[in-house]
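Reading the structure
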Amino acid sequence: MKRRNFLRILGFGGVVLGAGGGGLIFNSCDSSGGGGGGGGDMGLDPRSPEGFVNRLLVPGDEGLYGLFHPDSPFLIVPKETETEIVPGKPASSFLYEVDAGDRIFYNPIFRLRKGDTVDATLLNELDEETIIHWHGLELDHANDGHPNSAIPHDSSYNYNYEVINRGATYWYHPHPDKLVGKQSYFGLGSFFIVEDENDDALRNALELELGQTEIPLNLQDRNLDSEGQLVFEINPMIQTIGVLGDRILVNKTIKPFLDVDTRIYRFRFLNSSNSRTYKLAFTKGSEKLVFNVIGNDGGLLDKPYEATEAFIGIAERVDILVDFRGHQPGDEIFLKSLEFDPMDPALVDMNFNQPSTLMNGEEFYVLKFNVANEISYNLQVPGTLSEIVPIDITGAGERFITLPNPIEGTWFINNFRFNPGEIPLTVSRDTTEVWTIQNGPLAMPHPIHIHAFQFQILERINSPEQVSELAIDAHGRMPTDMGWKDVVLVWPGESVKYAIRFNLSFPGDQIYLFHCHNLEHEDQGMMINYQVS
Ligand code: C2O
Ligand code: CU
Ligand code: CU
């Protein structure tokens, strides 16, 4: 069947699910209404290399994305506040506020060592329920931030846990049932960086410093109206595909630039967009620079892998080293998202009522690097980064998960959609399983995530060419597939096999989630509970 016939299978109705949203702009179906759309300010259009004049927000030691080391109990308060996305035009937003006494943080970047403890009280000042999930961390159910733990306005929830994961770029975000897309879109979420001896070694070898030459980069797309306000539109069609925005933000900076010296930088990417995939490349004119993929969801890889392009699906993290030596002061290098086939129905010749004019897979500019200073720097990327012990799969049980083509515009995992009280899948503690995630040929790419465990990708089967051409081994794996993962982007028609070991550190039965991390798919119920017992 041709992709063009896809829409008929979906059976879209014309129903509009709009909802009010306080001072926030929360449109229903009217696509002409206020969307970021093509309107007006070409200076903000990411398709143009012009206008990258806003200094990138680089994490400092307070304020928005400040680096926060939680060494004592603290309050974290999601609230409605303002963020200036378009300079001079504060936008109504949601942010997590942490008052650390002498400093105030918004969406703090947690910075911890493996073995540290977190004693946090979530105090919900939103007008709707919420809960924080610590994405990628191995925690018990009570600390994981399951939607069933969501709390209403003005109540609180206590987290108390030890960080037992290896060093990596984890993150945290809201996880209330059906509200993840909206609350994330309006701003909630940030990094959770765990450091260990492997980071120490890499930083020593390359003289990297977090916040200076090692920079977390949070990628998001948004729609903004002419007043610089965030516009969030939802309707059944957008729910099926996901919310796209035609403005690209890095650390909430629109059209950002960063001055760099002629040395190696480490960039820790997080794609926290609702439904956009990026194909990252560093370009100088038409030339693509070679970079090193050194890490992903679960931390540093065994060694650096050279690449010129890397996909980053929703919720994935990719850790990259870029060497700016060999360039001259005055040179301009762009981080771009290259064109790719989105393999989603959004490009079908039909009005999807997306306010965004920037389709998934379209090429655009993300961040401009201005080579500022020539410095002397003679360090080299180490040949070894960490030890990745392959999961022993002898005797492992096999499990097949299918992501079928959508039925009536709705996505499923096997035959299930989220039901808070239902547990469709149970695994036994201390067992190893091999899961095969098989995506339907007429589906969309789905970034599939599991709570509480990291897995190892064994193989990609029947991948589309744009994926297989990036493969570096006979198993169809890309550099970003190596090491430990908690999300994997599974393309239409593709199967991904991974090994997972359910060696839980907590007693008793634990209920966790397994879901698609396209936030609209997740909110629509492409999510199931699973239990470890
Ligand atoms: Cu980012 Cu259910 O997770
Ligand atoms: Cu998670
Ligand atoms: Cu999905």
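Every chain begins its residue count from 1, and numbering advances along the sequence as written. Written order determines the labels here, with chains lettered from A and ligands numbered from 1. Selection of residues for local features in this predicted model requires a pLDDT of at least 70, selection of side-chain atom pairs for listing and counting requires 80 or more, and totals for whole chains, interfaces and linings are taken over all residues. Hydrogens and waters are ignored; side-chain quantities use all the structure's heavy atoms.

1. Some points on the nonpolar core
Filter applied, for reference: Joining through side-chain atoms within 4.5 Å is the link that ties buried Ala, Val, Leu, Ile, Met, Phe, Trp, Tyr and Cys residues into a set, and such a set is a nonpolar core. Throughout this description, buried means an accessible area under 20% of the type-specific maximum (1.4 Å probe, protein chains only), exposed means over 50%, and partly exposed covers the range between. Labels follow the DSSP assignment, with helices taken as runs of H or I lasting at least four residues and strands as runs of E lasting at least two, numbered in each case from the N terminus. By definition, residues are in contact when any of their heavy atoms lie within 4.5 Å.
Membership of the largest hydrophobic core comes to 43 residues, with the highest contact counts inside it found for Ile-76, Phe-110, Trp-134, Tyr-159, Tyr-161 and Phe-192. Every element with two or more residues in this core is listed here: strand 5 (74-86), strand 6 (89-99), strand 8 (109-113), strand 9 (117-123), strand 10 (132-135), strand 11 (156-162), strand 12 (168-174) and strand 13 (190-195). With four residues, strand 5 is the largest single contributor of residues to this core. In this view, Phe-110 contacts Phe-68, Pro-70, Phe-74, Ile-76, Trp-134, Tyr-172, Phe-191, Phe-192 and Ile-193; residues no more than four positions away in its chain are not counted.

2. Things to note about the coordination of the copper ion (ligand 2)
Around a metal, the perfect tetrahedron of four donors has angles of 109.5 degrees, and the perfect octahedron of six donors has angles of 90 or 180 degrees. Under the convention used in this document: Distances define the donors: N, O and S atoms within 2.8 Å of the metal qualify, as do those within 3.2 Å of Na, K or Ca. Water is excluded, so some sites may look unfinished.
The protein atoms that coordinate the copper ion (ligand 2) are His-133 (NE2) and His-449 (NE2), at distances of 1.9 Å. In this pair, His-133 is assigned in strand 10 and His-449 in strand 31 (residues 446-450), connecting sequence segments 316 residues apart. Owing to a relative accessible area of 0%, His-133 belongs among the buried residues under this scheme. For His-449, a relative accessible area of 0% puts it in the buried group.

3. Focus on the sheet that holds strand 32 (residues 455-461)
Let me state the cut-off plainly: At least two bridges found by DSSP between two strands is the condition for calling them paired. In this analysis, axes come from line fits to C-alpha atoms, helices being fitted only over the stretch in contact, and the angle between any two N-to-C directions falls in the range 0 to 180 degrees.
Read from one edge to the other, the open sheet built from four strands follows the order 28-30-34-32, with strand pairing classed as mixed. At either end of the open sheet lies a strand with only one pairing partner, and these are strand 28 (397-403) and strand 32. Averaged over all pairs of adjacent strands, the angle between strand axes in this sheet comes to 20 degrees, irrespective of strand direction. As paired elements, strand 30 (residues 432-439) and strand 34 (residues 495-501) share seven bridges and run antiparallel to each other. Of the residues in strand 34, the one forming a bridge with Thr-436 is Lys-497.

4. Quick look at the environment of Glu-422
Relative to the helices and strands, Glu-422 is located in the loop between strand 28 and strand 29 (425-427). Judged by relative accessible area, which is 28%, Glu-422 ranks as partly exposed. Here the alpha-carbon distance between Glu-422 and Tyr-530, two residues 108 residues apart in the chain, equals 8.8 Å. Dropping the residues within four chain positions of it, Glu-422 is found in contact with Phe-416, Arg-417 and Asn-529.

5. Digging into the pattern of salt bridges
Defined as follows: Here, a salt bridge means any side-chain nitrogen of Lys or Arg that lies within 4 Å of a carboxyl oxygen of Asp or Glu.
As enumerated under the stated definition, the model contains 33 salt bridges in all. Between Glu-309 and Lys-288 there is a salt bridge, with its nearest N and O atoms 2.4 Å apart. Note that Glu-309 is positioned in the loop between strand 23 (299-307) and strand 24 (310-312) and Lys-288 in strand 21 (residues 287-288), a separation of 21 residues in sequence.

6. Quick notes on the coordination of the copper ion (ligand 3)
With distances of 1.9 to 2.1 Å, the protein atoms coordinating the copper ion (ligand 3) are His-446 (ND1), Cys-516 (SG) and His-521 (ND1). Spacing between the donor residues of the copper ion (ligand 3) along the chain follows H-x69-C-x4-H. Using a relative accessible area of 0% as the deciding quantity, one classes Cys-516 as buried. Under the relative-accessibility criterion, His-521 is labelled buried at 0%.

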